[in-house]
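Read off the chains here:
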Amino acid sequence: MAWFESHLLSTLVFLPLLWAVAGLVIPGKFRKTHAVWALLGSFLVFAVSLRLYGAFDAGGAEFQLAERAEWLPSLGIAYLLGMDGISLWLLVLTTFLTPLVILGSFSAIQERTKEYYFLLLFLETGMLGALVALDVFLFYVFWEAMLIPMYFLIGIWGGKDRVYAAMKFFLYTVVGSLLMLVAIFYLAYAHKVQLGAYSTAIVDLYRVNVPGGGWLSVQSILFLAFALAFAIKVPLFPVHTWLPDAHVQAPTAGSVILAGVLLKMGGYGFIRFAFPLFPEAVVLYQPVFLGLGAVAIVYGAWVAMVQPDIKKLVAYSSVSHMGFVILGLFSLNSIAAAGSVYQMLNHGVSTGALFLMVGMIYERRHTRMISDFGGITKVMPIFAIIFMIVTLSSIALPGTNGFVGEFLILLGTWKTSPWAAAAAGTGVIFGAVYMLWMFQRVMFGPVTNPENEKLRDLSGRELAVLAPLVVAIFFMGIYPNFFFEKMEPSIQRFLERAQVKSTETAIADLGRN
Amino acid sequence: MENLVTIRPELLGLATVELEALSPHFAVLGGAVLALVLSVVRWLQPKWSVFLVSVATALLGATLSFPGLSGAALAVFNGMMVVDPYSSFFNLIFLLSALITLLISFRYLDSEKLQHPEYYVLVLFSALGMMLMASARELVVLFIALETMSLSVYSLVSFRRADRRANEAAMKYFILGGAASAIMLYGVALVYGATGTTHIQAILERLASRGAGESVLFSVGAWLIVAGFLFKVASVPFHMWMPDVYEGAPVPITGFMTTGLKAAAFAAFVRVFLSLGYGKGLSEAVETNLHHILWVCAVMTMVVGNVIALTQTNLKRILAYSSIAHTGYLMVGLIAAPRGTEGYSSLLVYLAAYAAMNLGAFIVLTLLAGKGDAGLNLHDLSGISKKNPVLAFSMAVFLFSMAGVPPTAGFVAKYLLFYSAVQAGEVPLVIIAVLCSAISVYYYLRVLVYMYMRDPIAGATSARVPVWSVMALASMVIVTLQVGLLPSPLVEMARKAVAGL
């Protein structure tokens, strides 16, 4: 127990993987057993993350619960874990969504369940690891390792064009990450030259002085290498094109995790790496990224509006919503930054819920075309109510979570760049248009298609999947302070780091106790 | 009678300590000769006796090489050879590759009706040649070692005598290999002419004291030697032989060539590089011109290997071109090594990691290969994961490792190699290298697409997996993952190995 208390993060990260490996002994024919086993495991992980929430000290801005072990000492690479208020909520989001998608997969996944649940839990380890790794090498390992299960999830259990989508997803991400890897080499070596010792701990790299100043200075180029990797993950216009394919082809659980957590890794990467490491370059490139963020918001909304396929519509809405995150981060003030982090959580909850619901209706009708539906309210009233709530959350109605995030981002961005804020504001309006228009065509009117007349309403299991999300939507909308009080100091700290090159002493030896 | 039974070191002109140091070489030589003798002792069932003796020999040789990893360098045979941690490190790679090759060959030869005991003997002799290559400190000894290895491998490539592709491959390999050897030998002669010696240490001394490095004779000699090596490692533009040879050779031998032979060529390449004074600023011809030539070759090798691999549909050819691509990455390390702080150690780590993952992949290929090495087209792999999940999983591990995706040995190796190249200031080269490895991801994943994301084709039966192969496969999977998760021991070993160079 003492070991558990002092290794909370390691436990959290590796529990899913170990649980999944243990589950491999269950023979493949017991399909339900695999699902139940995975569900139990994911609940356990969620419980650990709640313990983490309890152990986290809200007042501290520094990395907490650090753990350290030597890994490759000759190159200064260490197994270094730690978390702050920003990673805390992303961790909880991950552990919160995973049981829901597992429960949501019970009926949808009938083939090769053993591999399926193994990969889902493996993926959870990758995501959690990337969120708590404080060594760039370790981060990179988790960052890339996430791709493997996602690739298989899309490629094996996906839709018609799954292979194409899986390949595109993998290649896009790999190209970005590999260029980031070169930048990591450069930084790590610069640390060795300037400070005399090998280290790849993030807090040590924060102190490296990278010559900046011009659009093509070393700092700018390194920043762009990092930014490309994270922008692809976010995904930011114009490197978003893998997303619609991956989202549409992936099985429901894949889409939810992809939207709910994987995209957040991009935003998290900006916060943890790109901003504090290259503050000058961030300021220099601020207008570019504000512009791209605004374009992503509007463009994503426009393209979403004309989609005939509900899932594709939700996918493009992701591009739009994640544009807000970039906009908020690059506004470089505390209001917008807090809004961005909040928006990441919101997007995980509401888009996750949307994908789950699209999956549920797809299971019933085996189509996702808007034109195939109409009048669903009459046959599936409970479904319609929940869908309405989620839709309103997605279009940021006050009282729901979406409002808090987008409002803060627009407020903060207005201070920095009124033009970008104005453009983004139109995105909010378009967001309402495409979501409500879709809702109207699917839900209202007469039941035109006879096949829709006998649709079952939500089952108890499906309600159990959606209820926590609905609760989260309202809770986050009404009581945001619950979340902000834990992340406030970390956000302040992040902004300080992003504005001046850190001169603080390294805390890479945190965890050496 | 007494003398015949106990080996007396003084008769060989060797001190006991030297004999000890050379014990792996003698063990392999002795084992190979014993196997050769046993292959004609009919009543002992050569098939089994030779196989078991060869396996035992490779194991014994590997075990005897272990102490050398941490020992001091010891010059033997008047300094013509040296036994040091560097050579011991490579001995391990060679002998473990040979071991795995022997293990997987047994059933393969049975099913191909090629069960001739010479096969095992030739594998051992080629391993001996490789070991001598890694130890040679004299260009002529190096050449003899190279030929020992090459001649054995030429015969192994042609082992499927009845197959036309095998004959074509062997002939091509033999003629081109012979030409390359001649070019290299000519280079050795010219270097001898310029410096008056063929001993590596002595060449360096002459270069430093007499300025021989600026003579045309030396420059041309150095380039010719390097050209010979570029052929052996299959660097573009000397790579044409490779895909055909890889396709024509029996699958286990192809695996052996991609690992043992490549490692041996690089082991000797590094020694020769040092002898030409690369990185020491002794000769303009070597320092600048050779650097530029190799730079261009490295880029071409990476681009050509990866791009052509994209279009291949036969697994053997995919891995052949991927092997060319990996040669390109290794050359990046070779170019950068003298100026980086890690020196050649990252190169050694890469070779070891590559040996593990590539051998692993070839174990899988051997198990999948049908009669006459058919059944190795991508199409034939469709849906393998359903019938044979263990095989498919292993292959997935090896392919991700080759693509350099963590947490595998391939990622760690690439990380170290490219990191050391960045430290040496070769940033553009590294950017090209990582973009090329992004290309490579596509064709490695394509194999996985067939294995995991397609339905099985009718008529395919699941492979029968003999216990030898399971052992070999399991050990390669473990090594690949273990190096990926806990790279420190291997890295330390490699650092020690290059410390005395």
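Treat the numbers as computed from the prediction; the structure is a model and nothing was measured.

Visitor: Can you break down the overall build of chain A residue by residue, with the values?
Guide: Secondary structure summary: chain A contains 21 helices and two strands in total. At 22 Å, chain A has a C-alpha radius of gyration in line with the 24 Å of a compact globule built from 513 residues. Projected onto its principal axes, the C-alpha positions of chain A cover 75 × 55 × 40 Å. Taken across its 513 residues, chain A has 66% of its residues classed as buried. Look at the contacts in chain A between residues 6 or more apart in sequence, and 80% of them connect residues 24 or more apart. For chain A, the exposed surface amounts to about 16600 Å²; the carbon and sulfur share of it is 69%. One way to put it: in chain A the 31 positive side-chain charges average out to a point 7 Å from where the 28 negative ones average out.

Visitor: Tell me what's going on with the pattern of salt bridges, and back it up with residues and numbers.
Guide: A full pass over the atoms with the stated rule returns 18 salt bridges over all chains. Of the charged contacts in the structure, one is a salt bridge between E496(A) and R493(A), with a shortest N-O distance of 3.6 Å. A residue pair is termed a helical-turn pair when its members lie 3 or 4 positions apart in one helix, as E496(A) and R493(A) do in helix α21 (residues 481-499) at three residues. Ionic pairing is found between D163(B) and R165(B), a salt bridge with its closest N-O pair at 3.7 Å. You can call R165(B) partly exposed: its relative accessible area is 36%. Linked by salt bridges that have partners in common, R160(B), D163(B), R165(B), E168(B), K172(B), D244(B), E247(B) and R317(B) make up one network.

Visitor: If you had to explain unusual backbone geometry to someone new, which residues and values would you point to?
Guide: Cis rather than trans, the peptide bond between V234(A) and P235(A) has omega equal to -15°. With respect to the helices and strands, P235(A) occurs in the loop between α10 (218-233) and α11 (242-249). For the bond running from V236(B) to P237(B), omega is 10°, close enough to zero to count as cis. Following the sequence through the fold, P237(B) ends up in the loop between α11 (216-232) and α12 (241-248). Despite not being glycine, H366(A) shows a phi value in the positive range, around 55°. Mapping H366(A) onto the fold places it in the loop between α15 (334-365) and α16 (376-379). Under the relative-accessibility criterion, H366(A) is labelled exposed at 58%.

Visitor: Tell me about the packing of helix α2 (residues 8-23) of chain A against helix α5 (residues 113-132) of chain A, and name the residues and values.
Guide: The relative placement of two packed helices comes down to the angle between their axes together with the axis-to-axis distance. Residue and element names in this part refer to chain A. At a minimum axis separation of 8 Å, α2 and α5 run at an interaxial angle of 165°. Taken together, α2 and α5 sit at an angle that is classed as roughly antiparallel. Considering only the axes of α2 and α5, their crossing is left-handed. Across from L9, L12, V13, F14, P16, L17, W19, A20 and V21 in α2, the residues of α5 making contact are F118, L121, F122, E124, T125, L128, G129 and V132. For the contact of α2 with α5, the class distribution of residues is 14 nonpolar, two polar and one charged.

Visitor: Break down the nonpolar core for me, citing the residues and quoting the values.
Guide: Soluble, globular proteins show a tendency: their nonpolar side chains are buried together. Membership of the largest hydrophobic core comes to 407 residues, with the highest contact counts inside it found for Y151(A), F226(A) and F270(A). In this structure F270(A) touches A227(A), F230(A), A231(A), V234(A), F275(A), P276(A), F289(A), I326(A), L329(A) and F330(A), once residues within four positions along its chain are discounted.

Visitor: I'd like a description of the packing of aromatic side chains, backed by residues and values.
Guide: Throughout the structure, instances matching the rule amount to 76 aromatic pairs over all chains. Ring geometry for F137(A) against F411(B): centres 5.5 Å apart, planes inclined by 35°, an arrangement best described as tilted. Taken as a pair, F137(A) in helix α6 (residues 136-145) and F411(B) in helix α19 (residues 409-423) lie in two separate chains rather than in one. Measuring from ring centre to ring centre gives 6.2 Å for F270(A) and F289(A), while their planes differ by 75°; the resulting arrangement is edge-to-face.

Visitor: Summarise a nonpolar patch on the surface; cite the residues concerned and give the values.
Guide: Residue and element names in this part refer to chain A. Residues V471, F474, F475, I478 and Y479 make up a contiguous nonpolar surface patch of about 490 Å² in total accessible area. Looking at the secondary structure, you find F475 in helix α20 (residues 460-478). For F475, a relative accessible area of 34% corresponds to the partly exposed category.

Visitor: I'd like a description of the interface of chain A and chain B, backed by residues and values.
Guide: Contact residues are listed per partner, giving 36 residues for chain A and 38 residues for chain B. Summing both sides of the interface, chain A and chain B together bury roughly 3500 Å²; the carbon and sulfur share of this comes to 79%. Where chain A packs against chain B, one counts zero salt bridges. Linking chain A to chain B there are seven residue pairs in polar contact (both at pLDDT 80 or more). Of all the elements in the fold, those that place two or more residues in the side of chain A that touches chain B are β1 (64-72), α6, α7 (147-157) and α8 (162-195) of chain A. Broken down by element, the residue count for the side of chain A that touches chain B peaks at 16 residues, all from α8(A). By residue class, the composition of the side of chain A that touches chain B is 29 nonpolar, three polar and four charged.

Visitor: Quick one: what's the story with the packing of helix α6 (residues 85-112) of chain B against helix α13 (residues 251-275) of chain B, residue by residue and with numbers?
Guide: All names here are of chain B. The contact between α6 and α13 brings their axes to 9 Å, and the two run at 170°. The orientation of α6 relative to α13 falls into the category roughly antiparallel. Along its contact with α6, which presents Y86, S87, F90, I93, F94, S97, A98, T101, I104, S105 and Y108, the element α13 presents V251, P252, I253, F256, T259, G260, A263, A264, F266, A267, V270 and R271. Of the residues assigned to the contact of α6 with α13, the class counts are 16 nonpolar, six polar and one charged.

Visitor: Tell me about the environment of G193(B), residues and numbers included.
Guide: In this fold, G193(B) is placed in helix α9 (residues 164-195). When the C-alpha positions of G193(B) and V465(B) are compared, they lie 56 Å apart, and in sequence the two are 272 residues distant.

Visitor: Please give an account of the environment of F118(A) that cites residues and values.
Guide: Residue and element names in this part refer to chain A. Its location among the elements puts F118 in helix α5. Placed 376 residues apart in sequence, F118 and F494 show a C-alpha to C-alpha distance of 35 Å. Ignoring sequence-local partners within four residues, the contact set of F118 consists of A20, V21 and L24.

Visitor: Describe the pairing of strand β2 (residues 77-83) of chain A, naming the residues involved and giving the relevant values.
Guide: As a general feature of sheets, a regular strand has side chains that alternate between the two faces. β2(A) sits mainly inside the fold: seven of its seven residues count as buried. Linking β1(A) to β2(A), which pair antiparallel, is a turn of four residues; within it G76(A) sits at a positive phi near 70°.

Visitor: An account of α5(A) is needed here, citing residue identities and associated values.
Guide: The terminal C-alpha atoms of α5(A), which comprises 20 residues, lie 29 Å apart, in line with the 28 Å expected from a rise of 1.5 Å per residue. Across the 20 residues that make up α5(A), a large majority, 18, are buried.

Visitor: Any details on the confidence of the model for chain B? Residues and values, ideally.
Guide: Averaged over all residues, the pLDDT of chain B is 86; the fraction at 70 or higher stands at 95%. Among the scores for the predicted complex, ipTM is 0.89 and pTM is 0.91.

Visitor: Explain the state of the cysteines to me, using residue names and the numbers behind them.
Guide: Residue and element names in this part refer to chain B. Throughout the structure, instances matching the rule amount to zero disulfides over all chains. Here C436 is not disulfide-linked; the sulfur of C297 is the nearest cysteine sulfur, at 14 Å. Classification of C436 by relative accessible area gives buried; the value is 3%.

Visitor: Which residues make up the environment of T95(A), and what values do they have?
Guide: All names here are of chain A. Position of T95 relative to the elements: it lies in helix α4 (residues 85-104). Take T95: its relative accessible area is 0%, and that puts it in the buried class. Taking the C-alpha atoms as reference points, T95 and A47, 48 residues apart in sequence, are found 8.6 Å from one another. Excluding anything up to four places from it in sequence, T95 contacts L12, S42, V45, F46, S49, E124 and L128.

The rules behind the values
- Residues numbered from 1 in each chain as written.
- Chains lettered and ligands numbered in written order.
- Predicted model: local features only at pLDDT ≥ 70, side-chain atom pairs only at ≥ 80, totals over all residues.
- Heavy atoms only, no water.
- Helix = DSSP H or I, 4+ residues; strand = E, 2+ residues; numbered from the N terminus.
- Rg over C-alpha atoms; globule rule 2.2 N^0.38 Å.
- Buried < 20%, exposed > 50% of the residue type's maximum accessible area, 1.4 Å probe, protein only.
- Contact = heavy atoms within 4.5 Å.
- Areas by Shrake-Rupley, 256 points an atom, 1.4 Å probe, with all protein chains shown as cover.
- Lys, Arg positive; Asp, Glu negative; His and termini not counted.
- Charge placed at Lys NZ, Arg CZ, Asp CG, Glu CD.
- Salt bridge = Lys/Arg side-chain N within 4 Å of Asp/Glu carboxyl O.
- Axes fitted to C-alpha atoms, helices over the stretch in contact; angles between N-to-C directions.
- Parallel < 35°, antiparallel > 145°, perpendicular 65-115°, else oblique.
- Left-handed = near helix turned anticlockwise from the far one by under 90°.
- Nonpolar A, V, L, I, M, F, W, Y, C, P; charged D, E, K, R; others polar.
- Core = buried A, V, L, I, M, F, W, Y, C linked by side-chain atoms within 4.5 Å.
- Phe/Tyr/Trp six-rings, centres within 6.5 Å; stacked < 30°, edge-to-face > 60°.
- Patch = residues over 30% accessible without salt bridge, like charges linked within 9 Å, V, L, I, M, F, W, Y side chains within 5 Å.
- Buried area = accessible area lost by both parts, 1.4 Å probe.
- Polar contact = N/O pair within 3.5 Å; in protein donor to acceptor, adjacent residues only side chain to side chain.
- Pairing = 2+ DSSP bridges.
- Expected span 1.5 Å × (residues − 1).
- pLDDT = per-residue confidence, 0-100.
- Disulfide = S-S within 2.5 Å.

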